[in-house]
Amino acid sequence: MATYEGIDVDQELVELMRMMGKAEEYRERLQALQSVWDSLTLLGHLSGTATDMSDTRVAFQALSGSLLNQLARETLKKTTLAMKSKAQVAVDIMVRNLFERTADIGFLAMDDDVRDYLSKFAPLHSRLIGEESRLELEKYDAALLAQFGEYVQKYSVYANIILLDIEGNVLLQLDRDNPVRKSNDALIAESLTSGQAYVETFRHSDLQPKQNNSLIYSYRVTSADGQTNLGVLCLCFRFANEAERIFSNLVEEEDWSVVTLLDREGTVISSSDTFHVPVGASVKFQAERDWCVTRFAGRRYLAVTRATQGYQGYMGPGWYGHVMLPLDHAFDQEEGRMQAASIPEDALAAVMGNPRLFSDALREIPCHAAKIQRALNRSVWNGNVSQKSGHKALNPAFSKILLWEISNTGLKTQDVFEQSISNLHQTVVSSILQDSQFQAALAIDIMDRNLYERANDVRWWALSSVFRRALSNPLPDEAAVREIAKTLVHINSLYTVYDNLVVFDRSGNVLAVSNPKYQELCGQALNEEWVRRTLTLEDSQSYAVSDFVSSPLYQNKHSYIYASAIRDTSAAQNIVGGIGIVFDAAPQFAAMLNDALPHEENGAVPAGCFGVFADRDRRIIASTLDTLTPGMQLQLEESFFKIGSGERRSTITIFDGHFYAVGACMSQGYREYKSSSDAYRNDVVALIFAPLGESQKDSRRSAAGPRSRLQDAEIKAAGDGESVEIATFYVDSHWLGIPTDHVVESIDVKGLTRIPGAGENMLGYIMFRDQLISVVGLWGMLGKEDKRRSSEEPQIVVLRMGDTNNTLIGVMVDELGEIPEIPAERIEKVSPMLSAGNMLAESLVKPGAGKSSREMIVVLSQERLRRKFTNLNA
C-alpha cells in the first residue's frame, strides 16, 4: 500500500489515480467530510453529549480508502479492457486477412495458364527472338496479364502480381510503374526451395523499391509433375491500405488512443496516427502483462499489447496489436456517453446485484457505509435520549443541534459512497452499451470481410482452364471429369472454410464434388433457384448467392452457396456450366461471433453473453446460444432490424426474463462486396447481448430513508408552549414513537438468545447493564395486515416499564427514526372506542402545518405495553 493525498491506496494505482477525474472528485469530497468529522469529534467531547464519534470517523476513513481503491481499479479495468479489445481486433483482423492470402498464392502458383506460360515463353525473354516469336510472346503476355488483371479486379487487396523466372528476371507484372526488371531478393531462392506451402516476406524488397516495407506472398511454379522449377509467382499485398481500413473501425474522431501493429522487435509497422506514433519507431512493449505505463517521445502512455489468437491454425508473421493512450487522457469520459437518465432504474438495480460486473469488495461498500451509519444513528439517537434523561450536556440546546449535525454529516458521507457507486454503475452500463455496439460492428465487419473472400473465390475459380476446357465439350469425358474432381479437392484442401465445392454442367447436373460425403449427388440435377441464376450471369465479375436456407449440398443444414458461371474457352459469352462453393456456415459463423464477443481477463466469454446474426425479417442466421437455431424468428424489438446500412444501435432490453445491453450493427459490405458497384444485396444485422441482471418487479420499498427526513424541521418545537419529546422508530410499515421519559437506550441485537417454544412475540433474552431483560416483537399487534418480517439490521429499544429502572423490556425495531420535540397541541389521544382490547396505541402526532406528507406518528402507551409484556420478566 502507498499513501496518496492522505489516503491509503494500492501502490500501482498511485500514479494513475490523479488522472482519474471522478475518483479525484470523490476523494476531495470525502476528505472535506473527514475534516468535518474531526471538528465534530472535538465538539462532541467538549459539549458532553455522551456521543463518541472516534470509531465512526475511523471507520469512514478506512472505507474511503477502500472506495477509492475500488473506483480506481474499476476505472482502470474498464479502460484497459477497451484497449485490449482494440489491440486484439487490430492484429486478429489482419491475421484473418493474411490467412486468405496464404491460400491464394498456393492456388495461383498451380494455375495451368501460368505454368504453360513459363514452360513455353520464359526462355524467350532471355534471348533475341524473331519478329514472329516476338508477336506470339506479346500475345501471351497480354493474355496472362489480362488474367492477372481479372484476379486483382476480384481480389482488390493486391497491389501487384509479379512473375519471375528462376534467375530472378521479371517476366510479367501488373504494375507498369514499378521499375524492377531483375530481383536479387532472397525470397526467390526461398520460394524455390521452401518445404512450406507459401513464403511470407515483410521487409524492404527490391521487388518494390519505392516502398520501405512490402508484404509479399510468393511460391514456386513447377512443371505438372512437380519435378522442375519453372519460376516464382509473387502477390504483393496492400498492407498499408488494409491497416488503414482496420484502424478506421477502431479509432473514433475524439479518441486519444493510437492503435499500432508491431513486429517481433517492437518496431511500429503500421499506425493509426503516424504523426503521433510514426511507422518505423521503436516502442517498449510487455506482451505478457495486462497493461503497463511506458514513455514514448517525452510523454507517458498507458499501453496494452496483444499477440494474435490465430485463425484456422495460422498465427501470422508474429506481429502484435499495440494500443497507446496518453496517460493524461487515459481516463477521460468518452463523448456521446449515454446519459444516466435514459437507463431504467430497474435495470440499474439489476446491475448493482450482478457479481460478474462488480467485485464483491465494491458491492459491499454501500453495505459497510450503511452499517456504519446505522451505528452512528443509534449513537446519536441515544445521545438525544440522554439529553432528556440525564441532562448531562453543558448546553442541551447546543448539544441537540450538534447531534443533529453529526447525524446529517453521517448521511452526507454515506451519500458520497452511494452516489459514487451509483455513478459507477451508470458509467459501467453506458460503457457496456457502447462496447456492445463496438462488438456488433466487429462481428459484422468480420462477416463482411469473410464473405467478400467467398465472392472472390468463386469468380476466380470459375475461370480455371481445367473447368472451362472440360465443360466446353457438351459431353465431358471421364478423364476430364476426374481432373475437375481432382482440382476441386485440391482447392478445398487449401480453403478450409468450405464444406463442399461442386461443378455442374449447363443443364444443372452435378459433375464433380470436393467432399466424398456428397458423391451420391454426382449425376443428379440441382433444381435450386441460385443454379438458374448462375447459368444466366452476364460476365466474369458477376456471381450468385443462395438464400440462407437448408440445402442437400450442406447435409440439409442452413448455409450460403456462392456460385459463378463457367464460360466457353472460345466464346466467353457462352455459359457452359457453373461452380458452387458451399460455405461451412455453422462453425464459421459461430467462430466469427465468438471472436467478437467480450472476453474476460482469462480469455473466457462472460457467462450469459451471446451473439446473433439475423436478417431484416428477424430470421436467425447463426447464434452462439444453443436455443437460438438458424431459421428461427428472433423475438426482439423491431427497431434493431430497421437501422440503415452500416448504422449502429444499442439499448437495454428484456430478453428471456433478464436485462441485456444489446448492441446492433447492420452490414455495409467490404471493399467492392455489397458496395454500389455490386448487384448483390443481403442485409444482415449482428447483435451482441451482454447480461446486466435478472428482471424482477419488486415493489418493496424501505420507508426509513424518506421518512427520516419528514422531521427535518422538528428538532425543537417552536414557541414557549408545552412540548413532548417523542423517540420514534419503525416496525414494518409503521412509524411508531414513545415519549423519551420511558426510553433507556437503543442497543444492538448481538447477544440475543432465543428460547425454544416461546410465543410468536417473545423473541428471547439479552443482557443489558448486567440485567437480563426480555425482548419482544410487535408484529401482529399493530393491525390486521401485519406480517412478521426479518429486517436486515434490526435493533432493540430498551424501555422503562415503571417509574424506576428496575423493570425494563426490549422492543425489536426495524430502524430508528428521529427524536422530534412535538408541540402538545399536535398530539391527539386515540378514541377510547378504538383503544379497547389489545390496542397498543395511545395517541397520534398530527403533521405540522405546511408538511407535504400527511403520515402521522403512532405513539405507543407505556402502560399498555407494560400490561401486555410485564409477565415476561417474571
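Before any of the text, the structure's been laid out above.
Conventions we followed
- Residues numbered from 1 in each chain as written.
- Predicted model: local features only at pLDDT ≥ 70, side-chain atom pairs only at ≥ 80, totals over all residues.
- Heavy atoms only, no water.
- Helix = DSSP H or I, 4+ residues; strand = E, 2+ residues; numbered from the N terminus.
- Buried < 20%, exposed > 50% of the residue type's maximum accessible area, 1.4 Å probe, protein only.
- Contact = heavy atoms within 4.5 Å.
- Areas by Shrake-Rupley, 256 points an atom, 1.4 Å probe, with all protein chains shown as cover.
- Pairing = 2+ DSSP bridges.
- Axes fitted to C-alpha atoms, helices over the stretch in contact; angles between N-to-C directions.
- Salt bridge = Lys/Arg side-chain N within 4 Å of Asp/Glu carboxyl O.
- Polar contact = N/O pair within 3.5 Å; in protein donor to acceptor, adjacent residues only side chain to side chain.
- Phe/Tyr/Trp six-rings, centres within 6.5 Å; stacked < 30°, edge-to-face > 60°.
- Core = buried A, V, L, I, M, F, W, Y, C linked by side-chain atoms within 4.5 Å.
- Parallel < 35°, antiparallel > 145°, perpendicular 65-115°, else oblique.
- Left-handed = near helix turned anticlockwise from the far one by under 90°.
- Nonpolar A, V, L, I, M, F, W, Y, C, P; charged D, E, K, R; others polar.

Asks: Which parts of the structure should I look at to understand the overall build of the protein chain?
Replies: When you go through the protein chain residue by residue, the secondary structure sums to 16 helices and 36 strands. For the protein chain, the proportion of its 874 residues judged to be buried stands at 53%. Restricting to contacts in the protein chain with at least 6 residues of sequence separation, those with at least 24 account for 62%. Surface summary for the protein chain: the accessible area is close to 39,400 Å², and the carbon and sulfur share equals 49%.

Asks: I'm lost on the sheet that holds strand β10 (residues 292–296) in this one. Help?
Replies: Strand pairing in a sheet is mediated by backbone hydrogen bonds. Such pairs are either parallel or antiparallel. Read across the open sheet, the five strands follow the order β9-β8-β12-β11-β10; overall the sheet is antiparallel. Looking at strand neighbours, the two that pair on one side only are β9 (268–271) and β10, the edges of this open sheet. Adjacent strand axes in the sheet meet at a mean angle of 35 degrees, parallel and antiparallel pairs treated alike. One ladder, built from five bridges, connects strand β8 (residues 258–262) with strand β12 (residues 320–326); its direction is antiparallel. Across the sheet, the residue bridging to Val259 is Val323, located in β12. The sheet contacts of helix α7 (residues 239–248) involve β8 and β9, and relative to β9 the element is tilted by about 55 degrees.

Asks: For this particular structure, what's the right way to read the pattern of salt bridges?
Replies: Two side chains bearing opposite charge may form a pair once their charged atoms approach each other closely. Enumeration over the complete set of coordinates arrives at 28 salt bridges. With a closest N to O distance of 3.4 Å, Arg619 and Asp617 form a salt bridge.

Asks: Is there a simple way to explain the sheet that holds strand β4 (residues 170–173) in this structure?
Replies: Strands sit in the order β4-β3-β7-β6-β5 across an open sheet of five strands; the sheet is antiparallel. What marks the edges here is a single partner per strand, and that holds for β4 and β5 (199–203). On average, each strand axis in the sheet is inclined to that of its neighbour by 25 degrees, with strand direction left out of account. Where β5 meets strand β6 (residues 214–222), five bridges bridge the pair, whose relative direction is antiparallel. Pairing of Glu200 across the sheet is with Tyr217, part of β6.

Asks: Can you help me understand the side chain of Asn97 in this one?
Replies: Within the secondary structure layout, Asn97 lies in helix α3 (residues 54–108). One polar contact links Asn97 to Glu242, side chain to side chain, over a distance of 3.2 Å. Look past the residues within four positions of Asn97 in its chain and what remains in contact with it is Val157, Phe237, Glu242, Arg449, Glu453 and Tyr670.

Asks: Just checking my understanding: could you explain the packing of aromatic side chains for this structure?
Replies: Under the counting rule described, the total for this entry stands at 32 aromatic pairs. Summarising the aromatic geometry, the rings of Phe610 and Phe655 are spaced 5.8 Å apart at their centres and angled 45 degrees between planes, so their arrangement reads as tilted. Taken together, the residues span a long stretch of sequence, with Phe610 in strand β20 (residues 610–615) and Phe655 in strand β22 (residues 648–655) at a distance of 45 residues. Accessibility assignment for this pair places Phe610 and Phe655 in one class, buried.

Asks: Please clarify how helix α11 (residues 465–472) should be interpreted in this entry.
Replies: In an α-helix there are 3.6 residues to a turn, and that puts residues three or four apart on one side. In terms of burial, α11 is largely enclosed, as seven of its eight residues are buried. Within α11, the full set of buried residues consists of Ser465, Val466, Phe467, Arg468, Ala470, Leu471 and Ser472. For α11, the capping residue at the N-terminal end is Ser464, with a side-chain oxygen 3.3 Å from the backbone nitrogen of Val466.

Asks: It is not clear to me how the environment of Gln862 should be interpreted in this structure. Could you clarify?
Replies: Looking at the secondary structure, you find Gln862 in helix α16 (residues 862–869). Leaving out residues up to four positions away in the same chain, Gln862 has contacts with Ile738, His742, Arg800, Met801 and Gly802. Within polar-contact distance, the side chain of Gln862 engages the side chain of His742 at 3.4 Å. A distance of 2.8 Å separates a polar side-chain atom of Gln862 from the backbone oxygen of Arg800.

Asks: I keep staring at the nonpolar core and nothing clicks. Help me out?
Replies: Buried together is how nonpolar side chains tend to be arranged in soluble globular proteins. Among the nonpolar cores identified, the biggest contains 174 residues, and Trp461, Tyr560, Tyr562, Ile579, Phe589 and Phe613 are the most heavily contacted of them. Of all the elements, helix α10 (residues 396–461) adds the most residues to this core, at 22 residues. Among residues more than four places away in sequence, those in contact with Phe589 are Met447, Leu451, Phe548, Tyr560, Phe583, Phe613, Ile621 and Ala622. Counting 36 residues, the second largest nonpolar core, distinct from the first, contains Val731, Val797, Val811 and Leu860.

Asks: I keep staring at the environment of Arg648 and nothing clicks. Help me out?
Replies: Here Arg648 is to be found in strand β22. A relative accessible area of 34% means that Arg648 is categorised as partly exposed. For the pair Arg648 and Gln437, spaced 211 residues apart in the sequence, the C-alpha separation amounts to 6.2 Å. When neighbours within four sequence positions are excluded, Arg648 is seen to be in contact with Asn249, Glu252, Gln437, Phe438, Ala441, Ala664 and Cys665.

Asks: I'm lost on the environment of Pro598 in this one. Help?
Replies: As for its placement among the helices and strands, Pro598 is situated in the loop between α14 (585–596) and β20. With 516 residues separating them in the primary sequence, Pro598 and Ala82 have C-alpha atoms 9.7 Å apart.

Asks: Quick question: what am I supposed to make of helix α4 (residues 112–121) here?
Replies: Listing the buried residues of α4 in full gives Asp112, Val114, Arg115, Tyr117, Leu118 and Phe121. One side-chain oxygen at the N-terminal end of α4 lies 2.9 Å from the backbone nitrogen of Asp113; it belongs to Asp111.

Asks: What is the right way to look at the packing of α3 against helix α12 (residues 478–494) in this model?
Replies: Each pair of packed helices can be summarised by the angle the axes make with each other and by the distance between the axes. α12 packs onto α3 with a crossing angle of 155 degrees between their chain directions and a minimal axis gap of 9 Å. When the interaxial angle is binned, α3 and α12 end up roughly antiparallel. Seen along the crossing, α3 lies across α12 with a hand that is right-handed. Facing Ala103, Gly106 and Phe107 of α3, the residues of α12 in contact are His490, Ile491 and Leu494. Each residue belonging to the contact of α3 with α12 can be placed in one class, and the counts come to four nonpolar, two polar and no charged.

Asks: Would you take a moment to explain the packing of α11 against α12 for this structure?
Replies: Packing of α11 against α12 leaves a shortest axis separation of 10 Å and a crossing angle of 155 degrees. As the angle between them shows, α11 and α12 are arranged roughly antiparallel. The handedness of the crossing between α11 and α12 is left-handed. Taken together, the residues of α12 that come into contact with α11 (itself represented by Val466, Phe467 and Ala470) are Ala480, Glu483, Ile484, Thr487, Leu488 and Ile491. The class makeup of the residues in the contact of α11 with α12 is seven nonpolar, one polar and one charged.

Asks: Can you walk me through the pairing of strand β7 (residues 229–237) in this structure?
Replies: Remember that side chains alternate between the two faces of the sheet whenever the strand is regular. With eight of nine residues buried, β7 lies mostly within the body of the structure. Across six bridges, the pairing between strand β3 (residues 158–164) and β7 is antiparallel. When the bridges of β7 are listed, Tyr158 appears paired with Phe237. Examined bridge by bridge, β6 and β7 share eight bridges and lie antiparallel to one another. Paired with Tyr217 across the strands is Leu235, a residue of β7. Between β6 and β7, which pair antiparallel and follow one another directly, the connecting turn spans six residues, one of which, Gly226, has a positive phi of 75 degrees.

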